[in-house]
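Survey of secondary and tertiary structure
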Amino acid sequence: MIGHSEAMVQVGTLVRVLYPDYAAGILGRILARETSGRWIVKLEENPFEKSDEPLFLSLEETEFEVIEPQG
């Protein structure tokens, strides 16, 4: 049986970051799954002042929550 979160998490899914603290609460989109099972998330906004550069995080499934399942 596929795990609850595994069925919902896929490329394009909208998520809210729970950890790390500096990015908590920021929305992002799943871009890819790493071979380690972690997920690459591109944040919708950069939490660091004076930076318009996109920020990417490598997160475990426990470090974000699904806002909008893809599909």
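Scope of this entry: the structure provided in the associated data block.

Calculation notes
Residues numbered from 1 in each chain as written. Predicted model: local features only at pLDDT ≥ 70, side-chain atom pairs only at ≥ 80, totals over all residues. Heavy atoms only, no water. Core = buried A, V, L, I, M, F, W, Y, C linked by side-chain atoms within 4.5 Å. Buried < 20%, exposed > 50% of the residue type's maximum accessible area, 1.4 Å probe, protein only. Helix = DSSP H or I, 4+ residues; strand = E, 2+ residues; numbered from the N terminus. Contact = heavy atoms within 4.5 Å. Polar contact = N/O pair within 3.5 Å; in protein donor to acceptor, adjacent residues only side chain to side chain.

**Topic: the nonpolar core**
By size, the foremost hydrophobic cluster in this structure holds 13 residues, and its most contacted members are V17, I30, V41, L43, L57, L59 and F64. At the level of secondary structure, the elements contributing two or more residues to this core comprise β1 (14-17), β3 (39-43) and β4 (56-59). Setting aside chain neighbours within four positions, we find F64 in contact with V9, V15, R16, V17, L18, I30, W39 and L59.

**Digging into the side chain of N46**
Note on placement: N46 falls in the loop between β3 and β4. Here the side chain of N46 touches F48 through a polar contact of 2.9 Å, landing on its backbone nitrogen. Side chain to side chain, N46 and S51 meet in a polar contact 3.2 Å long. If sequence neighbours within four positions are ignored, N46 has contacts with S51, E53 and L55.

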